[in-house]
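What follows is the residue order along each chain.
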Amino acid sequence: VLGLVSYRVRMARAASRCSCTSVARAILAIAMDLGLATLLSLDRTTGSFYHTHEWYESRLFQGPSFLGTAVGAPHDWLAARFAEGEEILISSVDDFPPDARAERRTVERLDIRSVLWIPIRAGQQLDGYLAFDAIGNEREWTEQIVYRLRLLAQILGAALNRFRKEAELERQLGFERLVSELSS
């Protein structure tokens, strides 16, 4: 039985890698068109969202890397929206609300003209955000585009959920192996 479970874990891991690679390729293709795409992951111990992955078209985006940084002060408006799990769609810098002054200054400084930040969920649990930023030109986020990007975020959420379950199963298998070794 242990061998069969281990086999299933290896197969699930291979399937997870495959879908994550496909998702990463899709995000890269979108970033090449828009300019910048970022994956932000929720750290459950701090409640903060950290930039963990980024894809960008170097001819369009000349800004700094956000990797490893957390969303927070001075971007309090954005951090509050993220904490609520809200989707944020801004087709023009002028669409930012008055209380998002810091966010507006940042996107203007980086020549970001439109943003779409989509929550990533595994079931009902918020895991992070997939952020798409149009560099240099405003982007109208049509219903069809938003729908497809939401679908991409759902696929990514499912893959993250698989990774989490896989890690739990590995932990359980390790315990079972230890008990088996101690009893033989």
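Residues numbered from 1 in each chain as written. Predicted model: local features only at pLDDT ≥ 70, side-chain atom pairs only at ≥ 80, totals over all residues. Heavy atoms only, no water.

**Q** Lay out the overall build of the chain with the relevant residues and their values.
**A** When helices and strands are counted, the chain shows four helices and five strands. Its helices and strands taken in sequence order, the chain reads α-β-β-α-β-α-β-β-α from the N to the C terminus. Burial analysis of the chain (184 residues in total) assigns 38% to the buried set. At a minimum sequence separation of 6, the contacts of the chain that also span at least 24 residues come to 59%. (Helix = DSSP H or I, 4+ residues; strand = E, 2+ residues; numbered from the N terminus. Buried < 20%, exposed > 50% of the residue type's maximum accessible area, 1.4 Å probe, protein only. Contact = heavy atoms within 4.5 Å.)

**Q** I'd love a proper account of the sheet that holds strand E5 (residues 125–135), names of residues and values included.
**A** In spatial order, the strands read E2-E1-E5-E4-E3; together these five strands make up an open sheet with antiparallel pairing. In the strand order of this sheet, the two ends are held by strand E2 (48–56) and strand E3 (88–90), each with one partner. The average undirected angle you get between the axes of adjacent strands in this sheet is 20 degrees. Sheet analysis places strand E1 (residues 35–43) next to E2, joined by eight bridges and oriented antiparallel. Note on E2: the bridge partner recorded for leucine 39 is histidine 53. (Pairing = 2+ DSSP bridges. Axes fitted to C-alpha atoms, helices over the stretch in contact; angles between N-to-C directions.)

**Q** So what's going on with helix H4 (residues 143–183)? Which residues, and what values?
**A** For the α-helix, the turn length of 3.6 residues means that residues three or four positions removed from each other point alike. Spanning 41 residues, H4 covers 59 Å between terminal C-alpha atoms, matching the ideal 60 Å at 1.5 Å per step. Within H4, burial applies to Val146, Leu149, Leu152, Ala153, Leu156, Gly157, Ala159, Glu166 and Leu173. (Expected span 1.5 Å × (residues − 1).)

**Q** Outline a nonpolar patch on the surface, listing residues and values.
**A** A contiguous nonpolar patch, built from Tyr147, Leu151 and Ile155 and spanning about 290 Å² of accessible area, is present on the exposed surface. Tracing the backbone shows leucine 151 in helix H4. (Patch = residues over 30% accessible without salt bridge, like charges linked within 9 Å, V, L, I, M, F, W, Y side chains within 5 Å. Areas by Shrake-Rupley, 256 points an atom, 1.4 Å probe, with all protein chains shown as cover. Salt bridge = Lys/Arg side-chain N within 4 Å of Asp/Glu carboxyl O.)

**Q** Provide a residue-level description of the packing of aromatic side chains, including the pertinent values.
**A** This model, assessed by the stated rule, comprises five aromatic pairs. With a centroid separation of 5.6 Å and an interplanar angle of 75 degrees, the aromatic rings of phenylalanine 49 and tyrosine 129 are classed as edge-to-face. In this pair, phenylalanine 49 is assigned in strand E2 and tyrosine 129 in strand E5, connecting sequence segments 80 residues apart. Among the residues examined, phenylalanine 49 registers a relative accessible area of 4% and is labelled buried. A relative accessible area of 0% places tyrosine 129 in the buried class. Each ring, one from phenylalanine 82 and one from tyrosine 129, has its centre 3.8 Å from the other, and the planes form 15 degrees; the classification is stacked. You can see phenylalanine 82 sitting in helix H2 (residues 76–84) and its partner tyrosine 129 sitting in strand E5, a full 47 residues away along the chain. Joined through ring pairs, the aromatic side chains of Phe49, Phe82, Trp117 and Tyr129 make up one cluster. (Phe/Tyr/Trp six-rings, centres within 6.5 Å; stacked < 30°, edge-to-face > 60°.)

**Q** Summarise helix H3 (residues 101–109); cite the residues concerned and give the values.
**A** Inspection of H3 places Ala102, Glu103, Thr106 and Val107 among the buried residues, and these make up the whole buried set. Angularly, the buried residues of H3 cover 130 degrees about the axis, an arc narrow enough to put them on a single face. Facing away from the buried surface of H3 by more than 90 degrees, the exposed residues are Arg101, Arg105 and Arg109. Immediately beyond the C-terminal end of H3, within one or two residues, lies aspartate 111, with a positive phi of roughly 65 degrees. (Arc of directions from axis to C-beta.)

**Q** Go over the layout of surface pockets with me, naming the residues and quoting the values.
**A** Of the pockets and cavities examined, the largest pocket occupies roughly 360 Å³. Along the wall of the largest pocket there are 22 residues; nearest its centre are His51, Phe66, His75, Leu78 and Thr106. Counting only elements with at least two residues in the lining of the largest pocket, the list comes to E1, H2, H3, strand E4 (112–122) and E5. If one sorts the elements of the lining of the largest pocket by residue count, H3 sits on top with four residues. For the lining of the largest pocket, the per-class residue count stands at 13 nonpolar, six polar and three charged. (1 Å grid on protein atoms, 1.4 Å probe; cavity = no way out; pocket = protein on both sides within 12 Å on 5 of 7 lines; lining within 4 Å. Points joined across faces, edges and corners; volume = space filled by probe spheres on them. Nonpolar A, V, L, I, M, F, W, Y, C, P; charged D, E, K, R; others polar.)

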